[in-house]
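# Structure assessment
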Amino acid sequence: MAHTLVIVESPTKAKTIRGYLPKDFRVEASMGHVRDLPNNASEIPAAHKGEKWANLGVNTANDFEPLYVVPKDKKKVVKELKDALKGAERLLLATDEDREGESISWHLLQLLSPKVEVKRMVFHEITKEAIGRALESTRELDMELVHAQETRRILDRLVGYTLSPLLWKKVAWGLSAGRVQSVAVRLLVQRERARRAFRSGSYWDLKARLSHGGLRFEAKLSQVKGERIAGGSDFDESTGALKTGSKVRLLAENEARSLVAAVEAGPWRVTAVEEKPTVRKPVPPFTTSTLQQEANRKLRLSARETMRTAQALYERGFITYMRTDSVHLSDQAINAARSCVAVRYGKEFLSPAPRQFTTKARNAQEAHEAIRPAGESFRTPADTGLDGRDLSLYELIWKRTVASQMADARLTMLAVDLEAAAGSAEGPALFRASGKRIDFAGFFRAYVEGSDDPDAALEGQEVLLPALKVGDAPAGEAVEALGHHTQPPARFSEAALVKMLEKEGIGRPSTYASIIGTIVDRGYATLQNNSLTPSFTAFAVTALLEEHFPDLVDTSFTARMESSLDEISTGKVEWLPYLEGFYKGEKGLETQVLQREGDIDPGVSRTVELEGLPCVVRIGRFGAYLEKKRVADDGSEELLKATLPVEITPADLDADRAELILKQKADGPESIGVDPETGEAVYLLFGQYGPYLQLGQASEATPKPKRASLPKGSKPDDMTLEDALGLLRLPRHLGEHPEGGKVQAGLGRFGPYVVHDKGKGEKDYRSLKGDDDVLAIGLSRALELLAEPKRGRGGRTALKDLGTPKGAEEAIQLFNGPYGLYVKQGKVNASLPEGTTADTITLEQAVELLAAKAASGKGSSRARPTRAAAPKVSGAKTPKSASKASGSAKPAKPATKPPVTTKTGRLRASAVRVIKPAGS
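So, on to the overall build of the protein chain. A count of helical and extended segments in the protein chain gives 24 helices and 31 strands. In the protein chain, which comprises 920 residues, the share counted as buried stands at 51%. The contacts in the protein chain between residues at least 6 apart in sequence include a share of 68% that link residues at least 24 apart. Of the roughly 43,600 Å² that the protein chain leaves accessible, carbon and sulfur atoms contribute 49%.

What follows concerns the sheet that holds strand β16 (residues 607-608). Spatially, four strands are ordered β16-β17-β18-β19 in an open sheet, and the strand pairing comes out antiparallel. Looking at which strands have only one partner, the edges of the open sheet turn out to be β16 and β19 (637-643). Bridge count between strand β18 (residues 623-631) and β19: seven bridges; the pairing is antiparallel. Paired with Val631 across the strands is Glu637, a residue of β19. Packing of helix α16 (residues 536-548) onto the sheet brings it into contact with β16, β17 (616-620) and β18, and relative to β17 it is tilted by some 95°. Across the face of the sheet, helix α21 (residues 655-667) comes into contact with β18 and β19 while running at roughly 110° to β19.

All right, on to the pairing of strand β1 (residues 3-8) then. On a regular strand, each side chain points to the face opposite its neighbour's, so the side chains alternate between the two faces of the sheet. With six of six residues buried, β1 is to be regarded as a mostly interior element. Side chains of β1 alternate between two faces, with His3, Leu5 and Ile7 and Thr4, Val6 and Val8 buried alike. Where β1 meets strand β5 (residues 88-93), five bridges bridge the pair, whose relative direction is parallel. Bridge assignment links Thr4 to a residue of β5, and that residue is Arg90. Direction of pairing for β1 relative to strand β2 (residues 25-29): parallel, over a ladder of five bridges. Bridge assignment links Leu5 to a residue of β2, and that residue is Arg26. One crossover worth recording links β1 to the parallel β2 by way of helix α1 (residues 11-18), and it is right-handed.

This paragraph deals with the environment of Thr288. With respect to the helices and strands, Thr288 occurs in helix α8 (residues 288-299). On the basis of relative accessible area, Thr288 is assigned to the buried category, the value being 1%. A sequence separation of 82 residues divides Thr288 from Ala370, and the C-alpha atoms of the two residues are 8.4 Å apart. The residues touching Thr288, leaving out its near neighbours within four places in the chain, are Met307, Met322, Arg323, Thr324, Ile371, Pro509 and Ser510.

Take the packing of aromatic side chains next. Inspection of the entire model under this criterion finds 12 aromatic pairs. Plain terms: the ring middles of Tyr68 and Trp106 are 6.3 Å apart, the flat faces sit at 70° to each other, and that makes the pair edge-to-face. Of this pair, Tyr68 sits in the loop between β4 (65-66) and α2 (72-85) while Trp106 sits in helix α3 (residues 99-112); the two residues are 38 residues apart in sequence, bridging distant segments of the chain. With a centroid separation of 4.5 Å and 50° between ring planes, the pair formed by Trp168 and Trp173 is classed as tilted.

What follows concerns the sheet that holds β1. The strand order across the open sheet built from four strands is β2-β1-β5-β6, with neighbouring strands paired in parallel fashion. Because the sheet does not close on itself, it has two edges, and the strands there are β2 and β6 (117-120). Sheet twist, expressed as the mean angle between neighbouring strand axes with direction ignored, is 25°.

Glancing now at helix α17 (residues 555-569). Compared with an ideal rise of 1.5 Å per residue, which puts 15 residues at 21 Å, α17 spans 22 Å between its outermost C-alpha atoms and is within 8% of the ideal. Most of α17 sits inside the fold, with 11 of its 15 residues counted as buried. Within the sequence span of α17, burial applies to Thr555, Phe557, Thr558, Ala559, Met561, Glu562, Ser564, Leu565, Asp566, Ile568 and Ser569. Its buried side turned inward, α17 meets α3, α5 (143-170), α6 (181-197), α14 (494-504) and α18 (575-583). Directly beyond the C-terminal end of α17, a positive phi value near 85° is found at Gly571.

This part covers the nonpolar core. In this structure, Leu163, Ile319, Val617 and Leu653 are the most contacted members of the largest nonpolar core, which totals 157 residues. Ranked by residue count, the leading element in this core is α5, at 10 residues. Of all hydrophobic cores here, the second largest spans 27 residues; its members include Ala208, Leu259, Val260 and Val270.

This next bit is on the packing of helix α10 (residues 331-344) against helix α11 (residues 388-403). Two quantities define a packed helix pair, namely the angle between the helix axes and the distance between the axes. Across the interface, α10 lies against α11 with an axial gap of 8 Å and an inter-helix angle of 90°. By the angle between their axes, α10 is roughly perpendicular relative to α11. Together, Ala337, Cys340, Val341 and Arg344 of α10 and Trp398, Thr401 and Val402 of α11 make up the contact between the two elements. Split by residue class, the contact of α10 with α11 holds five nonpolar, one polar and one charged.

Turning next to the pattern of salt bridges. Pairing between side chains becomes possible if they bear opposite charge and their charged atoms approach one another. Scanning all chains against the criterion turns up 54 salt bridges. A salt bridge links Asp566 to Arg152; the shortest N-O distance between them is 3.1 Å. Of this pair, Asp566 sits in helix α17 while Arg152 sits in helix α5, placing them 414 residues apart in sequence. Each member of the pair, Asp566 as well as Arg152, carries the same accessibility label: buried. Salt bridges linked by common partners bring Arg99, Arg152, Asp156, Arg179, Asp325, Arg508, Glu562 and Asp566 together as one network.

This part takes up the side chain of Ser176. Its place among the elements puts Ser176 in the loop between α5 and α6. If we skip the residues at most four places from it in the chain, Ser176 touches Ser164, Leu167, Gln181, Thr518, Arg522 and Tyr524.

Quick look at the packing of helix α9 (residues 303-315) against α11 now. Here α9 crosses α11 at 85°, and the two axes come no closer than 10 Å. Taken together, the axes of α9 and α11 lie roughly perpendicular to each other. Taking contact as the criterion, the partners of Glu305, Thr306, Thr309, Ala310 and Leu313 in α9 are, on α11, Arg389, Asp390, Leu393 and Tyr394. Each residue belonging to the contact of α9 with α11 can be placed in one class, and the counts come to four nonpolar, two polar and three charged.

Once that is clear, we can look at unusual backbone geometry. Residues Leu730 and Pro731 are joined by a peptide bond in cis, for which omega reads 0°. By the element assignment, Pro731 lies in the loop between α22 (721-728) and β24 (732-736). Even without glycine at this site, Asp63 takes up a positive phi of about 55°. Along the chain, Asp63 turns up in the loop between β3 (58-59) and β4.

Looking now at helix α19 (residues 589-597). Of the residues making up α19, those classed as buried are Leu589, Thr591, Gln592 and Val593. Of the surrounding elements, those touching the buried residues of α19 are α5, α16 and α18.

Cut-offs used in this document
Residues numbered from 1 in each chain as written. Predicted model: local features only at pLDDT ≥ 70, side-chain atom pairs only at ≥ 80, totals over all residues. Heavy atoms only, no water. Helix = DSSP H or I, 4+ residues; strand = E, 2+ residues; numbered from the N terminus. Buried < 20%, exposed > 50% of the residue type's maximum accessible area, 1.4 Å probe, protein only. Contact = heavy atoms within 4.5 Å. Areas by Shrake-Rupley, 256 points an atom, 1.4 Å probe, with all protein chains shown as cover. Pairing = 2+ DSSP bridges. Axes fitted to C-alpha atoms, helices over the stretch in contact; angles between N-to-C directions. Right-handed = clockwise from strand over helix to strand, strands pointing away. Phe/Tyr/Trp six-rings, centres within 6.5 Å; stacked < 30°, edge-to-face > 60°. Expected span 1.5 Å × (residues − 1). Core = buried A, V, L, I, M, F, W, Y, C linked by side-chain atoms within 4.5 Å. Parallel < 35°, antiparallel > 145°, perpendicular 65-115°, else oblique. Nonpolar A, V, L, I, M, F, W, Y, C, P; charged D, E, K, R; others polar. Salt bridge = Lys/Arg side-chain N within 4 Å of Asp/Glu carboxyl O.

Have a look at this one:
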């Protein structure tokens with residue numbers, strides 16, 4: 001039976017679309033890209049094995065002709081698609097509506113060589129209405145978008161495959177360079193350099209607590225004798241002293257404390273009252289970049305997690321396309337949002353007229369809508385049936401979209417100046433109390449940027465002051481002197497780095513997730529407490545690129561390159577001359593690398609020069625280490641080397657720490673005492689993974705002496721012999737459990753814990769809480785912890801206990817994990833099917849799910865959804881990528897034959913047709 005074949009990228013998208021198409025339509029998934037440049041030598045076809053350019057994958061001598069190959073893991077997919085095409089009378093290429101989606105469709109067209117009618121089908125949301133409209137307005141391939149994507153891919157390959165081998169030779173094996181990646185790493189390094197150069201300044205001020213009319217409020221010291229009191233912004237970050245020319249008074253501690261005594265004794269008088277009305281307007285709906293930023297701030301999701309979750313929501317029909325620079329909303333979306341406002345909050349909370357927003361970001365592409373809930377009417381979060389992070393992200397998008405059509409928030413900023421008599425010596429001291437009154441909440445009722453709970457945010461934003469007027473004399477209750485230290489510049493969070501990249505016009509927001517992921521995966525940075533900390537390797541690589549290839553890590557140069565790539569997609573810039581100019585000629589990248597490779601000394605490029613250290617930092621095969629010349633006992637000069645613990649960051653490495661690590665290496669382990677039971681010395685050592693304790697020294701008789709890591713937060717300088725012996729003797733026996741078995745306290749890879757050893761290998765663990773001390777905890781407290789509900793992976797507590805099945809020993813519990821709801825019994829997990837909620841799951845259903853999971857042999861400790869997963873979200877470099885750069889939709893055009901290509905599948909210039917909007 002003849003059918004229409006529709007090809008999309010992922011199984012999830014295929015499943016959703018299938019429900020909106022006629023029965024004679026067949027939907028298949030390409031699983032992302034089906035063809036790309038070769039990733040390794042094994043993928044290079046035999047016909048090209050001997051070519052010098054084959055490893056690069058681009059024939060730079062022949063118009064930068066790319067060598068496209070089908071990866072091994074995609075051969076089966078391509079065969080299945082060819083089989084599906086055999087009985088088709090029409091082919092619809094329904095990949096995403098952007099440059100990369102257009103590129104995937106073109107590659108499919110080249111590989112499948114269809115003999116039937118071919119159309120391009122595009123949509124920005126997966127709803128019945130949207131799919132219906134897309135079927136009525138199909139078009140042909142937009143070759144300008146294909147060229148733009150191909151040029152980006154070639155350019156990224158030229159940069160990565162030309163510079164990365166240089167880094168392998170000059171710094172360390174396995175490193176990589178990238179057109180956007182290297183600039184992002186430099187931003188992290190520059191911030192870390194600023195932290196190293198930072199010098200803290202100290203200052204004091206006063207805080208007074210007063211009351212009037214039964215309402216308490218606080219005021220801060222602002223002036224003494226008409227001189228403004230110094231604050232944190234008055235200090236020079238490089239010296240720790242006041243900025244040159246600052247006309248402020250710097251209070252020392254003794255001055256502040258004497259001023260407290262003088263102020264407490266005198267009366268208070270209001271000298272000025274100011275009320276300033278102000279208006280706050282709602283922020284625009286989400287773009288790719290702002291969604292990543294806000295999900296990182298509010299939900300603590302990484303850019304990768306945000307895009308993966310958003311992709312799944314899009315493919316299941318919950319939100320519109322999630323790769324967009326546009327803040328524009330369609331009339332349909334505006335009407336839907338305004339309807340939500342009227343129903344949920346009341347008509348008084350609607351903006352007087354529909355709001356429309358414009359994009360301010362550099363190089364923005366306006367083809368798509370903003371990210372919003374899909375459909376002609378928005379489902380409330382409670383009506384979606386979603387849970388876990390899917391629900392959290394959808395709710396964030398729903399709130400932001402709805403808030404964009406709400407009325408302005410009206411506030412009144414309050415300021416009260418108070419004078420306190422400070423005695424004749426000091427003169428009058430002026431204090432200021434600041435407040436904020438929310439006169440009309442407006443869009444605050446739905447969404448407050450940076451806050452997860454609008455109601456709590458309203459309370460936190462409103463700071464009320466008593467009804468004061470000039471001449472009033474509020475009662476002073478207490479005055480306190482406060483000391484402050486200025487803080488170094490904060491490291492970039494993922495949200496802050498994404499914001500900076502977008503502000504500078506570097507890269508495409510759709511690739512930020514993969515860029516940050518690559519930076520972490522390659523060891524250029526670590527992500528801890530939501531902060532990106534660059535490694536010493538990042539310092540070395542950045543220094544090399546800054547000296548020898550400054551343009552490639554310059555933000556303005558990279559932004560101009562981004563603009564040129566965007567202009568290629570509109571036909572304003574020719575792709576071939578652009579690539580020729582970038583890569584070839586006297587100033588081209590190829591020539592620069594050949595000329596400078598011999599000038600780069602590996603010894604220098606592996607050295608990280610940090611000011612103030614008595615040694616240098618070098619990059620070795622196993623990480624960073626310290627190196628210092630010293631005179632040996634025989635008078636000869638030798639090099640002393642010591643591995644740097646991974647926990648030490650470039651900004652935190654100072655002379656004292658370096659000397660301590662080198663001293664320990666030179667003098668051998670430092671003994672902090674002797675164990676009276678064994679007579680063995682106890683040593684405090686510093687390894688690659690941080691400080692640890694060791695009982696005795698390694699020998700032939702004891703090749704692996706007992707060791708114990710220091711608990712998180714412990715300072716090596718504070719470690720006593722008693723504490724050290726306690727840690728080395730863990731686990732501690734605490735006593736017997738009332739139900740039988742022993743109770744112990746210990747320290748494992750996930751921190752301190754207590755365990756109920758029931759015998760026969762069955763153990764029940766609980767992690768200690770913040771105030772618990774593994775060396776001091778007793779049996780009663782351990783039993784309290786063991787009685788608490790058991791937490792799942794990542795510290796999750798069971799949502800409910802479903803009960804113990806007949807004949808089983810362990811209960812079945814329900815958890816909410818990163819992939820949604822799942823049930824767990826022992827070591828077997830099973831995700832809940834779509835539509836099943838925490839309220840509807842029964843013990844019988846749970847038993848069936850777990851039995852099916854156990855029978856499959858995949859009873860992993862990590863719960864994953866049983867539905868088809870979204871493809872991996874990554875950058876343009878990965879052939880399996882589902883990550884796209886934003887493109888532009890084009891109007892329908894009559895179908896034509898596929899464009900002519902070369903043997904390797906490259907577009908011939910003569911085959912390119914420029915498709916322009918109707919009426920242009």
